[in-house]
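# Fold and geometry: a report
Next come the chains, spelled out residue by residue.
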Amino acid sequence: MKNYELICILDPQIGDARFGEVAEKYENYLKSSSAEVAHIDHWGLRKLAYSSASLKKRQQGYYVLFQFAAEPASISSLERELLLDEEILRHLVVSAQGEFLRVPQLLPESALFPERPSRDDGRFRRDNRDGRE
């Protein structure tokens, strides 16, 4: 068995109640395919870096991280299931070397995108261009 990490970005329009249900659905899918689920982290609703037609023009997505050990042959059926699910905007399965890394707590999105300072720092004054008052 190899260690894997799966990141899913869920469509935010499925509703708050469905996020947990979809995560539980894939946890059960992994367990039924003889995978050992180590951790499931709900990262919550996050702003997407870009929007496109394949992302259904969404500006946000609900992120879920699965860390599990599974046989390599079972990954292709998992990816096929994820591709067919309309509630999943994007997914990524990667092989993890060694032990799983754990993030104790993610920063709030407001810390990731702070307010920008004003570009007008006092250097440009339109009221006194030629020095006369």
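In this numbering scheme, every chain counts its residues from 1 along its sequence in written order. With pLDDT at 70 or above as the cut-off, local features in this predicted model cover only qualifying residues; side-chain atom pairs require 80 or more to be listed or tallied, and sums for whole chains, interfaces and linings still use all residues. Values reported for side chains reflect all heavy atoms of the structure, with hydrogen atoms and water molecules removed beforehand.

## Comments concerning the nonpolar core
One broad trend across soluble globular proteins is that nonpolar side chains are buried collectively. Buried Ala, Val, Leu, Ile, Met, Phe, Trp, Tyr and Cys residues form a nonpolar core when they are joined through side-chain atoms within 4.5 Å. Relative accessible area decides the class of each residue, using a 1.4 Å probe on protein chains only: under 20% of the type maximum gives buried, over 50% gives exposed, and in between gives partly exposed. Counting residues in hydrophobic clusters, the biggest one holds 21 residues, and the most contacted among them are Leu6, Leu10, Phe66 and Phe68. Of all elements in the fold, only strand E1 (2–10), helix H1 (16–32), strand E3 (60–70), helix H2 (75–84) and strand E4 (88–95) reach the threshold of two or more residues within this core. Here Leu6 is in contact with Val64, Leu65, Phe66, Phe68, Leu78, Leu82, His91, Leu92 and Val93, once residues within four sequence places are set aside. Counting 5 residues, the second-largest nonpolar core is a separate cluster that includes Ile9, Leu48, Leu55 and Tyr63. Only DSSP runs of H or I reaching four residues or more are called helices, and only runs of E reaching two or more are called strands; each is numbered from the N terminus. In this analysis, two residues are considered to be in contact whenever any of their non-hydrogen atoms come within 4.5 Å of each other.

## So, the sheet that holds strand E2 (residues 36–47)
When DSSP finds two or more bridges between a pair of strands, those strands are recorded as paired. The antiparallel open sheet is built from 4 strands, whose spatial order is E2-E3-E1-E4. Each edge of the open sheet is held by one strand with a lone partner, namely E2 and E4. With direction set aside, neighbouring strand axes in the sheet form an average angle of 15°. Here E1 runs beside E3; their pairing, made up of 9 bridges, is antiparallel. Paired with Leu10 across the bridge in E3 is Tyr62. Packing against the sheet, H1 makes contact with E1, E2, E3 and E4, and its axis sits at approximately 20° to E3. Every angle, taken between N-to-C directions, lies between 0 and 180 degrees, and every axis is a line fitted to C-alpha atoms, over only the stretch in contact when it is a helix.

## A word on the packing of aromatic side chains
Any two of the Phe, Tyr and Trp rings considered here, Trp counted by its six-membered ring, make a pair once their centres fall within 6.5 Å; the pair's planes then place it as stacked at under 30 degrees, edge-to-face at over 60, or tilted in between. A complete count under the given rule lists 3 aromatic pairs for this structure. Measuring from ring centre to ring centre gives 5.8 Å for Tyr4 and Phe68, while their planes differ by 25°; the resulting arrangement is stacked. A residue pair is termed long-range when its members are at least 10 positions apart, and Tyr4 in strand E1 and Phe68 in strand E3 qualify at 64 residues. This pair shows no difference in class: Tyr4 is buried, exactly as Phe68 is. Between Trp43 and Tyr63 the ring centres are 6.4 Å apart and the planes differ by 20°, which places this aromatic pair in the stacked class. On the criterion of sequence distance, the pair formed by Trp43 in strand E2 and Tyr63 in strand E3 is long-range, its members being 20 residues apart. What makes Tyr63 buried here is its relative accessible area of 16%.

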